[in-house]
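# Observations on the three-dimensional arrangement
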Amino acid sequence: MHNKLTVVLVMLLSSGQAVALDCGDKTNACKIESGEYHIALPVDWQGGPAAMHLHGYGGTGAKVVGNKAFVEEFTMRGYALIAPTALSWLDGKPTDWSVRDGWNTYPRSDVGFLREVLADAALHANVNVDQVLLSGFSRGGSMVWEVACLAPDLAHGYAPASGGFWLPATEDCLNPVHLLHTHGFADKVVPLEGRAIHNEEFDVTITQADIWQGLSVWRHENKCPPNAAHHEMTDGLWRKRWNCEDGSLEIILHDGGHGYPKGWSTKALDWFESLEN
């Protein structure tokens, strides 16, 4: 962003008028030194909470904000929707997040990148960095688990879907977090029990960890008992919630495959808004 735009935004915020950005739609990314992101704001936005959503393998932030129905599920609730873009893991290869999976070929530390995205969005769009929900799908969901583990202060709540830790197994995280994980019972791309994926071109195998094994890490970190205390079963959805001393931990299983259950964003935002500060 140019300094001139920053001055204009500060004047608008101090006068109580809506924030207007010159970047962020699906055709014009907001660029920072470490990468780029897209952002969608509610009508008459003057600042407030944000949901940062991480796309899946090979995706982009432009595709996220280009999904009007998905965007409106957040903006109609009063949230800015921030959609960062991952880098290609190697020249000519699809975009991917720097998830710890034993294959150190990623060109950027995405934990640092996401911090910089939030700082830029706070400066130019008046996003409240104390009211951030970090969500992500598939490999983006795995990155959400990584951020929650390595940078638990980045967001107030974490809502990954269809992605978890990878091997070598994570055994310890820095601090407790609020985490709501969603997964398809019949997911074959990221099975609940994990799977190994072999890359023939580079003759390397990386392995998705067992989701239940990952949840045990969070039970330990959040000081939760082994068994969930609350169970909710509705049509096509099964939900478990643990009574934890620190943070909170829930899982939603749905009867589909590699995707979201109907109404996922509403459930994630309702959960986020129920969290204690």
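First things first, this report covers the structure right here in the doc. Remember, predicted model here, so these are calculated numbers, not experimental data.

## Brief notes about the overall build of the protein
Counting secondary structure elements, the protein contains seven helices and 14 strands. Taken over the C-alpha atoms alone, the protein extends approximately 50 × 45 × 35 Å along its principal axes. For the protein, the proportion of contacts with a sequence separation of at least 24, taken over those separated by at least 6, is 62%. Across the protein, the centroid of the 20 positively charged side chains sits 4 Å from that of the 34 negatively charged ones.

## What to know about the sheet that holds strand S9 (residues 178–184)
Reading across from one edge, S1-S2-S4-S3-S7-S8-S9-S14-S13-S12 is the order of the 10 strands in this open sheet, with mixed pairing throughout. Lying at the two open borders of the sheet, with one neighbouring strand each, are strand S1 (30–32) and strand S12 (230–234). Strand-to-strand twist of the sheet, defined as the mean angle between neighbouring strand axes without regard to direction, takes the value 20 degrees. Of the strands in this sheet, strand S2 (35–40), strand S3 (48–54) and strand S4 (80–84) are in contact with helix H3 (residues 68–75), which crosses S4 at around 130 degrees.

## Focus on unusual backbone geometry
In the segment running from Leu 167 into Pro 168, the intervening peptide bond is cis, with an omega of 10 degrees. Note that Pro 168 resides in the loop between strand S8 (157–161) and S9. Unusually for a residue other than glycine, Asp 203 sits at a positive phi of about 50 degrees. Secondary-structure assignment places Asp 203 in the loop between strand S10 (195–199) and strand S11 (204–208). According to the relative accessible area criterion, Asp 203 is exposed, its value standing at 61%. The phi dihedral of Lys 223 falls on the positive side, at around 55 degrees, and the residue is not glycine. Position of Lys 223 relative to the elements: it lies in the loop between helix H6 (211–221) and S12.

## Topic: the side chain of Arg 139
Tracing the backbone through its elements, the reader meets Arg 139 in helix H5 (residues 139–150). Owing to a relative accessible area of 6%, Arg 139 belongs among the buried residues under this scheme. Of note is the side chain of Arg 139, whose polar atom sits 2.8 Å from the side chain of Asp 96. A polar contact of 2.7 Å, which involves the side chain of Arg 139, links it to the side chain of Tyr 106.

## Some thoughts on the nonpolar core
Judged by nonpolar contacts, the single largest core of 58 residues is most densely connected at Ile 82, Tyr 158 and Trp 218. Looking at this core, the element that brings in the most residues is helix H4 (residues 110–125), giving seven residues. With 21 residues, the next largest nonpolar core counts Val 64, Val 71, Phe 74 and Ile 252 among its residues.

## A short note on a nonpolar patch on the surface
The grouping of Phe 185, Met 233 and Trp 238 at the surface amounts to a nonpolar patch, some 390 Å² of accessible area in total. Looking at where Met 233 falls in the secondary structure, it is placed in strand S12. What makes Met 233 exposed here is its relative accessible area of 66%.

Criteria and cut-off values
- Numbers given to residues run from 1 along each chain, matching the order in which its sequence is written.
- Local features in this predicted model are restricted to residues of pLDDT 70 or higher, and side-chain atom pairs are both shown and tallied only at a pLDDT of 80 or more, whereas totals for entire chains, interfaces and linings draw on every residue.
- Note that water and hydrogens are dropped before the side-chain values are worked out from all heavy atoms of the structure.
- A helix here means a DSSP run of H or I that spans at least four residues, while a strand means a run of E at least two residues long, and both kinds are numbered starting from the N terminus.
- Any two residues whose heavy atoms approach within 4.5 Å at even a single point are treated as in contact.
- Charged-residue counts in this description rest on Lys and Arg as positive and Asp and Glu as negative, His and the chain ends being excluded.
- All charge positions are set by atom: Lys at NZ, Arg at CZ, Asp at CG, Glu at CD.
- Pairing between strands is defined by DSSP: at least two bridges between the two strands are required.
- Every axis in this analysis is a line fitted to C-alpha atoms, fitted for helices over the stretch in contact. Angles between the N-to-C directions lie between 0 and 180 degrees.
- Burial classification: accessible surface area is computed with a 1.4 Å probe over protein chains only, and a residue below 20% of its type maximum counts as buried, one above 50% as exposed, and the rest as partly exposed.
- Pairs of N or O atoms are called polar contacts if they sit within 3.5 Å, as long as, within protein, a hydrogen donor faces a hydrogen acceptor (for residues adjacent in sequence, only side-chain-to-side-chain pairs).
- The nonpolar core is taken to be a set of buried Ala, Val, Leu, Ile, Met, Phe, Trp, Tyr and Cys residues, with the residues joined through side-chain atoms within 4.5 Å.
- To count toward a patch, a residue needs a relative accessible area above 30% and no salt bridge. Like charges then connect within 9 Å, nonpolar side chains (Val, Leu, Ile, Met, Phe, Trp, Tyr) within 5 Å.
- For every accessible area listed, the method is Shrake-Rupley and the probe measures 1.4 Å; residues are considered covered only by the protein chains on display.
- Should a side-chain nitrogen of Lys or Arg be within 4 Å of a carboxyl oxygen of Asp or Glu, the pair is scored as a salt bridge.

Just distances and angles here, no functional claims.
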